[in-house]
There are 2 protein chains.
Amino acid sequence: MSKKYCYFFGAGQTEGRAALKDILGGKGANLAEMARLKLPVPPGFTISTELCRLYYQNKMRFPAKLRKEFFDYVKKLEKAAGKKFGDPTNPLLVSVRSGAKFSMPGMMDTILNVGLNDQTVAALAKLTNQPDFAYDCYRRLMMMFSDVVLDIKEAKPLGMAEGSNQDRVDKLKQLVQEKTGRPFPQDPLEQLTMARDAVFQSWHSPRARIYRQQYRISESLGTAVNIQLMVFGNLGLSSATGVGFTRNPATGEKKFYGEYLTNAQGEDVVAGTRTPQPIDQLADEIPQPYQQLRSITDRLEKHYRDVQDFEFTIENNKLYMLQTRTGKRTGYAALRIAFDMVKEKLITPKEALLRVEPDHLNQLLHPIFDQTAKKNARLLAKGLNASPGAAAGQAVFTAEDAVAEAHKGKRVLLVRKETSPNDVEGMIKARGVLTATGGMTSHAAVVGRQMGKSCVVGCSAIKVNEEKGEFSVGNLTVKQGDYISIDGTTGEVFLGDIKTADSEIMQVIKGTMKPEQSLLYQQFTKLLDWADKVRRLGVEANADIPSDAEMAIKFGAEGIGLCRTEHMFFAPDRLPIMQEMILATTEESRRRSLAKLLPLQKQDFTELFEIMRGYPVTIRTIDPPLHEFLPKREELMVEIAILKTKHSIDNEPQITEKERLLARVNELHEFNPMMGHRGCRLGITYPEITEMQARAIMEAACLVAKKGKKVSPEIMIPLVGHINEMKHQKEIVIKVAEEVMKEQGVKIKYKIGTMIEIPRAAVTADEIAREAEFFSFGTNDLTQMTFGYSRDDSAKFSRHYIEHKILPEDPFVSIDEEGVGQLMKICAEKGRRSRPDIRIGICGEHGGEPASIHFCHKIGLDYVSASPFRVPLARLAAAQAVLQKK
Amino acid sequence: MSKKYCYFFGAGQTEGRAALKDILGGKGANLAEMARLKLPVPPGFTISTELCRLYYQNKMRFPAKLRKEFFDYVKKLEKAAGKKFGDPTNPLLVSVRSGAKFSMPGMMDTILNVGLNDQTVAALAKLTNQPDFAYDCYRRLMMMFSDVVLDIKEAKPLGMAEGSNQDRVDKLKQLVQEKTGRPFPQDPLEQLTMARDAVFQSWHSPRARIYRQQYRISESLGTAVNIQLMVFGNLGLSSATGVGFTRNPATGEKKFYGEYLTNAQGEDVVAGTRTPQPIDQLADEIPQPYQQLRSITDRLEKHYRDVQDFEFTIENNKLYMLQTRTGKRTGYAALRIAFDMVKEKLITPKEALLRVEPDHLNQLLHPIFDQTAKKNARLLAKGLNASPGAAAGQAVFTAEDAVAEAHKGKRVLLVRKETSPNDVEGMIKARGVLTATGGMTSHAAVVGRQMGKSCVVGCSAIKVNEEKGEFSVGNLTVKQGDYISIDGTTGEVFLGDIKTADSEIMQVIKGTMKPEQSLLYQQFTKLLDWADKVRRLGVEANADIPSDAEMAIKFGAEGIGLCRTEHMFFAPDRLPIMQEMILATTEESRRRSLAKLLPLQKQDFTELFEIMRGYPVTIRTIDPPLHEFLPKREELMVEIAILKTKHSIDNEPQITEKERLLARVNELHEFNPMMGHRGCRLGITYPEITEMQARAIMEAACLVAKKGKKVSPEIMIPLVGHINEMKHQKEIVIKVAEEVMKEQGVKIKYKIGTMIEIPRAAVTADEIAREAEFFSFGTNDLTQMTFGYSRDDSAKFSRHYIEHKILPEDPFVSIDEEGVGQLMKICAEKGRRSRPDIRIGICGEHGGEPASIHFCHKIGLDYVSASPFRVPLARLAAAQAVLQKK
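Residues numbered from 1 in each chain as written. Chains lettered and ligands numbered in written order. Predicted model: local features only at pLDDT ≥ 70, side-chain atom pairs only at ≥ 80, totals over all residues. Heavy atoms only, no water.

I'd like a description of the overall build of chain A, backed by residues and values.
Per the secondary structure count, chain A includes 37 helices and 31 strands. Scaling as 2.2 N^0.38, a compact globule of 886 residues should have a C-alpha radius of gyration of about 29 Å, and chain A matches this with 32 Å. By principal-axis analysis of the C-alpha atoms, chain A measures approximately 105 × 65 × 55 Å. In chain A, which comprises 886 residues, the share counted as buried stands at 61%. Accessible surface computed for chain A: about 35000 Å², of which carbon and sulfur atoms make up 51%. (Helix = DSSP H or I, 4+ residues; strand = E, 2+ residues; numbered from the N terminus. Rg over C-alpha atoms; globule rule 2.2 N^0.38 Å. Buried < 20%, exposed > 50% of the residue type's maximum accessible area, 1.4 Å probe, protein only. Areas by Shrake-Rupley, 256 points an atom, 1.4 Å probe, with all protein chains shown as cover.)

Break down the pairing of strand β29 (residues 774-777) of chain B for me, with residues and values.
All names here are of chain B. The alternating pattern of β29 places F774 and S776 on one face and F775 and F777 on the opposite face, and all of these are buried. Bridge count between β29 and strand β30 (residues 839-842): 4 bridges; the pairing is parallel. Opposite F777, over in β30, you have I842 as the bridge partner. (Pairing = 2+ DSSP bridges.)

Would you mind going over the nonpolar core in detail, with residue names and values included?
M824(A) and M824(B) are the most contacted members of the largest nonpolar core, which has 308 residues in total. Those residues in contact with M824(B) that sit more than four places away from it in its chain are F777(B), T779(B), L782(B), I815(B), I842(B), F855(B), C856(B), I859(B) and L861(B). Counting 64 residues, the second largest nonpolar core, distinct from the first, contains L77(A), V121(A), M143(A) and I152(A). (Core = buried A, V, L, I, M, F, W, Y, C linked by side-chain atoms within 4.5 Å. Contact = heavy atoms within 4.5 Å.)

An account of the pattern of salt bridges is requested, with residue identities and associated values reported.
Applying the stated criterion across every chain, the model contains 136 salt bridges over all chains. A salt bridge links E566(B) to R620(B), with the shortest nitrogen-to-oxygen separation between them at 2.8 Å. In this pair, E566(B) is assigned in helix α23 (residues 565-569) and R620(B) in strand β26 (residues 616-620), connecting sequence segments 54 residues apart. When sorted by exposure, E566(B) lands in the same class as R620(B), which is buried. The closest approach of N and O atoms between D573(B) and R574(B), which form a salt bridge, is 3.8 Å. Assessed through its relative accessible area of 47%, D573(B) is described here as partly exposed. Connected through shared salt-bridge partners, K602(A), R695(A), E699(A), K735(A), E739(A) and E743(A) make up one network. (Salt bridge = Lys/Arg side-chain N within 4 Å of Asp/Glu carboxyl O.)

Can you lay out helix α1 (residues 21-36) of chain A for me, pointing to particular residues and giving the numbers?
Residue and element names in this part refer to chain A. For α1, spanning 16 residues, the distance from its first C-alpha to its last is only 15 Å, which falls clearly below the expected 22 Å at 1.5 Å a residue. For α1, the buried fraction is high: 12 of the 16 residues fall into the buried class. Following α1 by one or two positions, K38 adopts a phi angle in the positive range, close to 65°. (Expected span 1.5 Å × (residues − 1).)

Outline the relation of the copies chain B and chain A, supporting the account with residue identities and numerical values.
Taken as rigid bodies, chain B and chain A are interconverted by a rotation of 180° and an axial shift of 0.0 Å, the fit giving an RMSD of 0.2 Å. The relationship between the two copies is best expressed as a two-fold rotation axis. Of the residues that chain B buries at the interface, 100% are likewise interface residues in chain A, meaning the two copies contact each other through the same surface. (Least-squares fit on C-alpha atoms with pLDDT ≥ 70 in both.)

Describe the interface of chain B and chain A, listing the residues and the values that go with them.
Listed per partner, the contact involves 57 residues of chain B and 57 residues of chain A. Between chain B and chain A, the buried area comes to about 5200 Å², and carbon and sulfur atoms account for 60% of it. Counting the contacts that link chain B with chain A gives 6 salt bridges. Ionic pairing is found between R760(A) and D816(B), a salt bridge with its closest N-O pair at 2.7 Å. Along the contact surface separating chain B from chain A lie 34 residue pairs in polar contact (both at pLDDT 80 or more). Of all the elements in the fold, those that place two or more residues in the side of chain B that touches chain A are α26 (633-646), α27 (652-668), α28 (680-685), α30 (723-744), α31 (759-763), α33 (779-787), α34 (795-803) and α35 (817-834) of chain B. (Buried area = accessible area lost by both parts, 1.4 Å probe. Polar contact = N/O pair within 3.5 Å; in protein donor to acceptor, adjacent residues only side chain to side chain.)

Requested: an account of the sheet that holds strand β13 (residues 384-387) of chain A, with residues and values cited.
All names here are of chain A. Ordered in space as β12-β22-β21-β14-β15-β16-β17-β13, the 8 strands form an open sheet in which the pairing is mixed. Both outer strands of the open sheet, β12 (378-382) and β13, are each paired with one neighbouring strand and no more. The average undirected angle you get between the axes of adjacent strands in this sheet is 30°. Alignment of strand β14 (residues 390-396) against strand β15 (residues 412-416), held across 3 bridges, turns out to be parallel. Residue V396 lies in a different strand from β15, and its bridge partner there is L414. The strands that helix α17 (residues 399-407) touches are β14 and β15; relative to β15, the one it contacts most, it runs at about 175°. (Axes fitted to C-alpha atoms, helices over the stretch in contact; angles between N-to-C directions.)

Explain unusual backbone geometry residue by residue, including any values.
A positive phi angle, close to 55°, is found at A11(A), a residue other than glycine. As for its placement among the helices and strands, A11(A) is situated in the loop between β1 (6-9) and α1. The exposure class assigned to A11(A) is partly exposed, which follows from its relative accessible area of 46%. Phi is positive for N317(B), close to 75°, though the residue is something other than glycine. When you line up the elements, N317(B) lands in the loop between β9 (308-315) and β10 (318-326). N317(B) sits in the partly exposed class, given a relative accessible area of 38%.

Describe the sheet that holds strand β20 (residues 476-479) of chain A, and please don't skip the residues or the numbers.
All names here are of chain A. Read across the sheet, 3 strands follow the order β18-β19-β20 without closing on themselves; strand pairing throughout is antiparallel. Each edge of the open sheet carries a strand with a single partner, namely β18 (463-465) and β20. Ignoring strand direction, the axes of neighbouring strands in this sheet form an average angle of 20°. For β18 and strand β19 (residues 470-473), the ladder comprises 3 bridges, and the chain directions are antiparallel. Paired with N465 across the strands is E470, a residue of β19.

Any details on the environment of E466(A)? Residues and values, ideally.
Along the polypeptide, E466(A) turns up in the loop between β18 and β19. The exposure class of E466(A) is partly exposed, given its relative accessible area of 22%.

Kindly report on the packing of aromatic side chains, identifying the contributing residues and their values.
All names here are of chain A. Scanning all chains against the criterion turns up 50 aromatic pairs over all chains. An angle of 25° between the planes, with centres 4.4 Å apart, marks the rings of Y55 and F62 as stacked. On the basis of relative accessible area, F62 is assigned to the buried category, the value being 17%. When the centroid spacing of 4.9 Å and the interplanar angle of 20° are considered together, the rings of F339 and W530 count as stacked. Note that F339 is positioned in helix α13 (residues 331-343) and W530 in helix α21 (residues 519-534), a separation of 191 residues in sequence. Chaining the aromatic ring pairs together yields one cluster made of F8, F45, F70, F71 and Y73. We note K318 situated over the ring of Y320; from NZ or CZ to the ring centre the distance is 4.7 Å. (Phe/Tyr/Trp six-rings, centres within 6.5 Å; stacked < 30°, edge-to-face > 60°. Lys NZ or Arg CZ within 6 Å of the ring centre and 35° of its normal.)

Requested: an account of the packing of helix α36 (residues 850-858) of chain A against helix α37 (residues 871-885) of chain A, with residues and values cited.
The angle between the axes and the distance between the axes are what describe a pair of packed helices. Residues and elements named next belong to chain A. Contact geometry of α36 with α37 gives a least axis separation of 9 Å together with a crossing angle of 55°. With respect to their mutual orientation, α36 and α37 come out oblique. Considering only the axes of α36 and α37, their crossing is right-handed. Between α36, through P850, I853, H854, H857 and K858, and α37, the contact on the second element is made entirely by L873, A874, A877, A878, Q880, A881, V882, Q884 and K885. When the residues that make up the contact of α36 with α37 are grouped by side-chain class, the tally is 8 nonpolar, 4 polar and 2 charged. (Parallel < 35°, antiparallel > 145°, perpendicular 65-115°, else oblique. Left-handed = near helix turned anticlockwise from the far one by under 90°. Nonpolar A, V, L, I, M, F, W, Y, C, P; charged D, E, K, R; others polar.)

Account for the pairing of strand β28 (residues 751-756) of chain A, with residues named and values stated.
Residues and elements named next belong to chain A. Judged by how many residues are buried, β28 sits mostly within the fold: 5 of 6 residues are covered. Alignment of strand β27 (residues 712-717) against β28, held across 4 bridges, turns out to be parallel. Within β28, the position partnered with E714 by the bridge is K751. In this fold, β27 hands off to helix α30 (residues 723-744), which returns the chain to β28; that crossover is right-handed. (Right-handed = clockwise from strand over helix to strand, strands pointing away.)

The structure is reproduced here in structure tokens:
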């Protein structure tokens, strides 16, 4: 195998190009591309990412053949630069920089001024006639080299301490001698190879790993290393260095944007030790290179057809381009830039769809904190950023208090150890939710996202005492009624009341702003219209109540993919009836309670059908275990124990009553409720519940149909694992549906299908598809069972797992393609084999997550269903899945 | 399709044969076989089981073409019998009997004397010159017909009421007229077709369904119907009817065995209204037919090469054979018969292996009740027969009491709502265990079976009050110290102290009887030796402690397939250290506690290695969630609440202490512990635990190896779902193992593998096999996750599921081949693809269940591991899997 590892750029000998990002990294590929465009790029060469991989595979050793190639390129560089390493009169100085395929700003190491030693520093002093400049360069080299290559932590502070540059150099030399037992390496080539290796190694630094984890960058990519002729922005007032964007990355405004420092090296701009100037001023200070920069960056934007984020240096009035890359941007900017570029005919609408990230759209929906107010507020703790957006209000500690205080017109923030379905009313009334435990798919997180409610979970630094109505962080105690603020986008928790506001798009959606007033909204909907024309996946919404459904329609949902009927049972007017039903000891009395619930459910469904105007409405029969509707077992036990200890005759009726309740709660108690008596297991042991729900659905559908409106009810049986469960429930639904349609004298098309959330259902999908007319992957439960991770408990180890790279990422956030995804594929294939026209979708939380949406597209699902607020994101991601596949 | 539905037998025109059981049912096939052997079988014909299936598939209608075929066969029968239906002088009378492939004694219906009406009864009276006999026959027909065909419940009592047979006939006629509005059908052919259809329908009677469920007979088999010329055992003193066995079915003794009644019809023998005579007496009473019967049944036994269970009738000194089939037998009998027949050269040893059911061997191991004492005892309730055997003792309600009372020398029976690992000590000391909740794989059941301890679980009729130390059944209350007895073979619970004894084989195993004193034991071991020569599957044992391992070796285990190390942590001298380790807040203090556990664990493993003499010893690292080792959360909460309510200064230190404990218990609390922080997740978050365990194992192994003994430690990582988990734990084990071997100066071969109990592990087995050197299916957990059934909770619906045929059987009892089994197959294939020599076995409870063992053989596993008491059963089942496959 005769592989090439080094790629030259500049001096008319460029070997790489932009398309070679995989092997040259982003920086190297773009340097090569700029060199090809004949832009002023200091010459140099890039050592490929391939070598980084080999280096690690090969126990930190480079292939033997690299040595020759490397020194050949060093020679080539010396020739192109017209300078030599170690030359006592005209020494070659280079920078050694990392450059991975995906930008990882500040995560890896850079060493500048490599080639300086006691001899060449004198030459530099002489050449530039600026001895202090030369020693400044030497100092910087020694600081960076000692820190990065020699791992001497004291080097940086020492190099920045008081004193002349020469003094600092001397002190640094001494430090190196002390710490390593050897003098600072004087051989430029030794410096160079050591620097090169250190930069390769920085790929695996802890901070780089963590960054990659967070941004889902593969560990196996590796970094390239760029060795490039130094140019100096610190040669005086006609020298400068700066960074910039071709358009404003925060707003998207088409305006040259950036900052610079005269007489400085690049790191000074980043380090914040001096305050940089707005780039416009460069036009006055060093006009000619500024004009050249404008014209070069214009050309780069046209060439790359996207906003460029660039770095430059001016050395004695001469401009050098050191970097260009696609500029990162906020959601606001992304949308505006995409539209502007389409207008400018720089890109097509299809390309515009790829220029906005799905998560960008989310940013546009969530309320935001006033940035100054946030900066001044006291940060208390940081949890998981479960549901984005900003929220502030008075802390309350129970759902009841949330409802009561909100009723008084107060803004409240619900703080709980964890939430349960009992808290849903309180969550609706609260501005935001903060929990001490739970992960990204804990109850609070899931419901928070569905409601589009700001939510921080798993904030373990706060100790919640719900009884006392307070929480503490360190020594600070926050009591009921104290104001706190949470930023669900970052996971931050603040003391005090930070101002928030609806985002512009939400103002239009809520009707407080007219669409024609909002360019952003118009662009938002236009982009999604384009997406709709491209995507193959249908996009539906998970919505339980009419207001959710209305929101879903406004966001462009094409149906309800999941309506959880049990949420309806937690409403305050219904919970007592539900409890009465559960406490019933005979089928007859159970039926009496169900009869009371029937008209209420029917009313819900009627509204949903009307709002959804003929789109499919997929209604899931009751799913959670019945004990969720009753008081908590341990609380009852404690209450009874206290009453008994107080020992008074007056208590006795109360004790008897509570003991009766506890007896039933004990009967229903489960060790592992997630795998207990729930889902269709309830409908099978209590067929009368399924009967009531089927009747409510069909009566509602008939009612709406009689008004001449279209209805498409789809009845979904949860937690099916065996075909006989599906058969059993389907028979009940059909029997009731036929009865109702006969009573009402209307014929309605309806479908009966199932959730796929049990591994057994996935592997026996061919069987189940014989009965089910549609499948909807409940990937929350499927992930639970496939991994054996309780989503309520897994936070205890899953954070550790991700930090320690046992898992690449949280499988409750993005579908685990290898395991859960494999079951999904098996299921879809088997299901289609026995029922070719079966409709298959997903209604788990993953349905609103871009990578998972791509996966659903890839395995040929028919639709995704996400919470209403994630519908726009899903429409875009579905379109991108089509475009990126091509 | 021109199918044949009817098959004639007798009169030299026999169409069927024994091999056609599938379509003729057992009775029909054997009648045909006997007819072929020219034995005296009354002629008749069999309508095939195929028709039963068609009848049900086709909405209770027979195929049109049956009609002609049926009446052709009726004519054929008339001709063969020389009689005609409805003939006023010589009428044909027939019996109509069911006959499925597998015998279902008494579960389906029979109608005798079909063909009698007001006219033919007179003819019969005249022919036999016995009018009362004729009316007795008519009465019996009317009784059975009214009951079975016309569904008139009152017919039977009325037909048996006082009065002459003629009176009873008149009353029955009146009853039929009243209830159906029509007279009793007089047309013999109408009687015949109605009777035929009713017998087909009886296949789906509730009792027949339940029976099939219990004995795992497929619903789809259907029954055949046999229509046969009546012969009469009730024609006087030279007539008789009887049943018998060619050998004693209880003891296996080679002695003609049976009973008969003179002047009776078959039902009289079964009904118990008259006491039958031992069959020997028939030799005196009706000698010639008796001798013929002896010679025929001898011939039948030789022909079928197995014990025959037969029915006969003697009509006026003439013998007729009405049925022959393989005789059911007890375990004791099965073993003896198998050996006797080998000795008689009737069968080969391989065939003998198929003549003993695996469960028979189990019967031989468990203690038994004195049968008379049991009959006289008061039956309290019935639960699930979780672990066979008889046990009696004084009821105790906590593990502590069990230990304390047993220590005083008392026999105790532990009664609990449910058991937990905390109860294990108590279970060891108790004679048997009775729980109110839980299913066949609940903690009590699993541990009970493993210990070979009699255990009845899920006995919901008893209400246990552990605090008060009593349980109630209806109005009866059983208090601590009262004697109760449980029969784990039947699930029965009795009041009082029923005598029990060790079985003969257990006496030999325990050394209280010498092997040479026990023929049974010799046969038992001989049979298993034969099995060992035939089987391909290895058989190992699940054993945690030395005494289990010793038992396993005595039962022929070839290794320990699962040693659960956590059981060791529950021992009273270790639990406090374990708790100290859990309550530790730093790694350092955790390590201190672990260091105390190390020598204890090492000691355990040393003993195990010595006992197992070089056989593989598979040791699983810690598996259960840590909170299992701490007090129960709700109990702590109640204690604290009570202390606080009492409100005294003296309490405060106690409250503080308990609150500290509660805080940690709360931290560890999980909503779904089965899917929580357990298994390798513990070893990954607390690597020091795995380190300690690996060290204990390897130090023990080195110690034994240094004594010159062979050791084969296999370290098994539980609950792996992702290859990285396996990698992580494997690295630790290897590091420690190499360290220890270096320290000890010994080299030992050891293996590192994993349980396969997470669906994700099964579908990514190719990945995992890259690291794991062996797989062991943990089918308890795998079934839990694949179905989403918590085994601690699923009893709530799974019994309903099985009763209502949602599930064919409890997947925790026998492997669900379609779902769980499919994952196992995928796993084994993928695992072998990436590591061809990977050793794959099973150590879940299913490893000791015959059908599951067959499945493991079928999919090519290498071994099964079962509780020591099930090792013999597994050895036999593994051999049968080979023999039955051929």
